[in-house]
Amino acid sequence: CEEWVAGLHAVTARRGDDTATLDLTMSLYAACLAQYPADIAKGACMDFAMRTVKPNWFPTLSELNEHCERLTSQRQQLLRSMS
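Residues numbered from 1 in each chain as written. Predicted model: local features only at pLDDT ≥ 70, side-chain atom pairs only at ≥ 80, totals over all residues. Heavy atoms only, no water.

Colleague: Let's hear about the state of the cysteines: which residues, and what values?
Modeller: Scanning all chains against the criterion turns up zero disulfides. Note on Cys1: no disulfide assigned, nearest cysteine sulfur contributed by Cys45 at a separation of 7.7 Å. Free cysteine Cys45: the closest other cysteine sulfur is in Cys68, separated by 7.1 Å. (Disulfide = S-S within 2.5 Å.)

Colleague: Can you explain the packing of helix α1 (residues 2-11) against helix α2 (residues 19-33)? Please cite residues and give values.
Modeller: Their axes nearest at 9 Å, the elements α1 and α2 cross at an angle of 125°. On the basis of their axis angle, the class for α1 and α2 is oblique. Here α1 and α2 pass one another in a crossing that is right-handed. Of the residues in α2, those touching α1 at Glu2, Val5, Ala6 and His9 are Leu22, Met26, Tyr29, Ala30 and Leu33. (Axes fitted to C-alpha atoms, helices over the stretch in contact; angles between N-to-C directions. Helix = DSSP H or I, 4+ residues; strand = E, 2+ residues; numbered from the N terminus. Parallel < 35°, antiparallel > 145°, perpendicular 65-115°, else oblique. Left-handed = near helix turned anticlockwise from the far one by under 90°. Contact = heavy atoms within 4.5 Å.)

Colleague: Summarise helix α3 (residues 38-50); cite the residues concerned and give the values.
Modeller: Here α3 spans 18 Å end to end across 13 residues, near enough to the 18 Å set by a 1.5 Å rise per residue. Listed as buried for α3 are Ile40, Ala41, Ala44, Cys45, Phe48 and Ala49. For α3, the elements touching its buried residues are α1, α2 and α4 (61-82). (Expected span 1.5 Å × (residues − 1). Buried < 20%, exposed > 50% of the residue type's maximum accessible area, 1.4 Å probe, protein only.)

Colleague: An account of the side chain of His67 is needed here, citing residue identities and associated values.
Modeller: Considering the arrangement of structural elements, one finds His67 in helix α4. Exposure remark for His67: the relative accessible area of 14% places this residue in the buried category. Excluding anything up to four places from it in sequence, His67 contacts Ala44, Asp47 and Phe48.

Colleague: Outline the packing of aromatic side chains, supporting the account with residue identities and numerical values.
Modeller: Scanning the model with the defined rule gives one aromatic pair in all. Judged by centre distance (5.0 Å) and plane angle (35°), the rings of Tyr29 and Phe58 are tilted. Of this pair, Tyr29 sits in helix α2 while Phe58 sits in the loop between α3 and α4, and the two are 29 residues apart along the sequence. Phe58 carries the same exposure label as Tyr29, and that label is buried. (Phe/Tyr/Trp six-rings, centres within 6.5 Å; stacked < 30°, edge-to-face > 60°.)

Colleague: I'd love a proper account of the pattern of salt bridges, names of residues and values included.
Modeller: Oppositely charged side chains can pair when the atoms bearing their charge come close. Applying the stated rule across the entire model yields one salt bridge. Asp39 is the salt-bridge partner of Arg75, the closest N and O atoms lying 2.2 Å from each other. Taken together, the residues Arg75 in helix α4 and Asp39 in helix α3 connect sequence positions 36 residues apart. Overall, the relative accessible area of 32% leaves Arg75 in the partly exposed class. (Salt bridge = Lys/Arg side-chain N within 4 Å of Asp/Glu carboxyl O.)

Following this line, the structure appears as structure tokens:
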């Protein structure tokens, strides 16, 4: 998770933070992503990294979590439809 967040951070616009704030941010985002299956977490990071809306800002924690929830919900709906 930390690697995906670091990659997302590297390719998006963001405000300048000091090292302590950046470390805390990375930890919080990685903890959020760790609650989801790996493919959902990685997919969410890639979706934000590859979005074409400019400026391509680093997402808020709630935006990232909401996106993971949407992706998870889609999977759950698919599983329900198959049973």
